[in-house]
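Coordinates in review
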Amino acid sequence: GQQVMQIPQYQHVQEGEDFTTYCNSSTTLSNIQWYKQRPGGHPVFLIQLVKSGEVKKQKRLTFQFGEAKKNSSLHITATQTTDVGTYFCGGSGNTGKLIFGQGTTLQVKP
Amino acid sequence: SAVISQKPSRDICQRGTSLTIQCQVDSQVTMMFWYRQQPGQSLTLIATANQGSEATYESGFVIDKFPISRPNLTFSTLTVSNMSPEDSSIYLCSVRTRNAYEQYFGPGTRLTVT
């Protein structure tokens, strides 16, 4: 079945440094979604990517979808303490079900 | 968007008992899902709750252990049956609204089985 892998599992950065998490699917995806979960909270939708090679930006966050629609990345420029949390990618195939990666937990040292 | 409430927010249960978790949404939604998240882990899809019919379960999850109901477009329940300590986890209800693709998550139910 469909599997979604995400790396790294943890990342500690100094405030102001950049951060990137990578997501890889075992199968071609219809779309990929990114969610953020703050400590003690529930996942909150950030963005969806649908097109091959698509790039979207939200302020300091840049999301990319690979040409083969099997991988994606989230890049945060100049991290802030408010970026702390776990970032999940969720891949959707033909069934419409979201299968989530393991998540990348970001710690930011002030 | 959708606002989701879950009850109970947390519970401590004894081995062998069952717990029913309720999920209520403030608007009619097309799809409802139940996920499990163990501490520090990812979100694992248990099943898709179908209105008026049997839920669709993912591999590794069965109806006898996790019976699900969805009597209407705004409400669903998940029961964790014959619990063991391995069932200790956070259970999350998630929905997708009509004409939208993003999923909204409830606050979760933190279950501890002793």
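It should be noted that the structure appears before, not after, this text.
Now for a description of the structure that goes with this document. (Residues numbered from 1 in each chain as written. Chains lettered and ligands numbered in written order. Predicted model: local features only at pLDDT ≥ 70, side-chain atom pairs only at ≥ 80, totals over all residues. Heavy atoms only, no water.)

With that settled, the discussion passes to the interface of chain A and chain B. By a frequent convention, interface size equals the accessible area lost on bringing the separate parts together. Of the residues lining the interface, 14 residues belong to chain A; the matching set on chain B comes to 16 residues. Between chain A and chain B, roughly 1,400 Å² of surface is buried when both sides are summed, and carbon and sulfur atoms account for 55% of that area. Viewed at the interface, chain B and chain A are joined by 1 salt bridge. Across the pair Glu58 of chain B and Lys97 of chain A runs a salt bridge, and its minimum N-O distance is 2.8 Å. Between the two partners, chain A and chain B, sit 6 residue pairs in polar contact (both at pLDDT 80 or more). Contributing elements (two or more residues each) for the side of chain A that touches chain B: β4 (31-37), β5 (44-49) and β10 (98-100) of chain A. With 3 residues, β4 of chain A is the single largest residue contributor to the side of chain A that touches chain B. (Contact = heavy atoms within 4.5 Å. Buried area = accessible area lost by both parts, 1.4 Å probe. Salt bridge = Lys/Arg side-chain N within 4 Å of Asp/Glu carboxyl O. Polar contact = N/O pair within 3.5 Å; in protein donor to acceptor, adjacent residues only side chain to side chain. Helix = DSSP H or I, 4+ residues; strand = E, 2+ residues; numbered from the N terminus.)

In the structure shown here, the tally under the stated rule is 2 disulfides over all chains. The partner cysteine of Cys23 of chain A in its disulfide is Cys89 of chain A, sulfur to sulfur 2.0 Å. Torsion about the S-S bond of the Cys23 of chain A and Cys89 of chain A cystine: about 80 degrees, corresponding to right-handed handedness. Within this pair, whereas Cys23 of chain A is found in strand β3 (residues 19-25), its partner Cys89 of chain A is found in strand β9 (residues 85-92), the two being separated by 66 residues in sequence. Exposure class is identical for Cys23 of chain A and Cys89 of chain A. Each is buried. Note on cysteine connectivity: Cys23 of chain B is disulfide-linked to Cys93 of chain B, with sulfurs 1.9 Å apart. As the torsion about the S-S bond is roughly -65 degrees, the Cys23 of chain B-Cys93 of chain B disulfide counts as left-handed. With Cys23 of chain B in strand β3 (residues 19-25) and Cys93 of chain B in strand β9 (residues 89-97), this residue pair connects regions lying 70 residues apart in the sequence. The same class applies to Cys23 of chain B and to Cys93 of chain B, which are both buried. (Disulfide = S-S within 2.5 Å. Buried < 20%, exposed > 50% of the residue type's maximum accessible area, 1.4 Å probe, protein only.)

Nothing here speaks to function; it is geometry throughout.
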